[in-house]
Amino acid sequence: MQLLIRLIINGVAIWLAAAWVDKIDIISPSDQGTGAKVVVVLVVAAVFTVVNALVKPIVKLLSLPLVIVTVGLFLLVINALMLWLTAEITKAFSDYGLRVEGFWAAVLGGIIVSIVNWVLGILVPDGDD
């Protein structure tokens with residue numbers, strides 16, 4: 001159940017980033033309606049969740065000196081790279097998915113995804129109680 005909640009939160013965060021940042025788009029079949037777009041967002045959120053679970057800890061560990069020197073600001077770059085990697089993975093496997101055009105769009109999208117995840121993480125209980 002917790003994984004499903006995280007997946008939905010990531011989906012909402014990515015959807016908001018695509019809605020608010022000009023160069024981030026979610027490409028879905030337009031003739032299939034809203035249901036197809038929701039499925040694409042959930043698939044992108046699943047890829048993003050897997051990337052954050054598998055790749056992000058390794059990148060954070062390897063870039064620890066940069067994170068320390070920049071007083072944590074390099075974490076914004078790491079978040080942007082995870083969003084960009086998610087876009088590249090979805091682009092490689094399908095015509096549909098997340099598209100991120102440019103480094104600064106990825107940074108802004110990473111900031112939005114982080115803030116939305118943080119806010120929704122506070123509002124939705126963990127279930128560990």
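Only a predicted model underlies this, so the values are computations on that prediction, with no experimental measurement involved.

(A) Molecular detail of the packing of helix 5 (residues 74–93) against helix 6 (residues 103–123). Where helix 5 meets helix 6, the axes come as close as 8 Å, and the angle between the chain directions of the two elements is 100°. On the basis of the axis angle, helix 5 is roughly perpendicular to helix 6. Along its contact with helix 5, which presents L76, V77, N79, A80 and L83, the element helix 6 presents F103, A106, V107, G109, G110, I111, V113 and S114. Class assignment of the residues belonging to the contact of helix 5 with helix 6 gives a composition of 9 nonpolar, 4 polar and no charged.

(B) Quick peek at helix 1 (residues 2–20). Counted at 1.5 Å a residue, the expected span for helix 1 with its 19 residues is 27 Å, and the 27 Å between its end C-alpha atoms agrees. Buried within helix 1 we find I9, N10, G11, A13, I14, L16, A17 and A18. Packed against the buried residues of helix 1 are strand 1 (24–27), helix 2 (34–54), strand 2 (97–100) and helix 6.

Definitions and cut-offs
- Residues numbered from 1 in each chain as written.
- Predicted model: local features only at pLDDT ≥ 70, side-chain atom pairs only at ≥ 80, totals over all residues.
- Heavy atoms only, no water.
- Axes fitted to C-alpha atoms, helices over the stretch in contact; angles between N-to-C directions.
- Helix = DSSP H or I, 4+ residues; strand = E, 2+ residues; numbered from the N terminus.
- Parallel < 35°, antiparallel > 145°, perpendicular 65-115°, else oblique.
- Contact = heavy atoms within 4.5 Å.
- Nonpolar A, V, L, I, M, F, W, Y, C, P; charged D, E, K, R; others polar.
- Expected span 1.5 Å × (residues − 1).
- Buried < 20%, exposed > 50% of the residue type's maximum accessible area, 1.4 Å probe, protein only.

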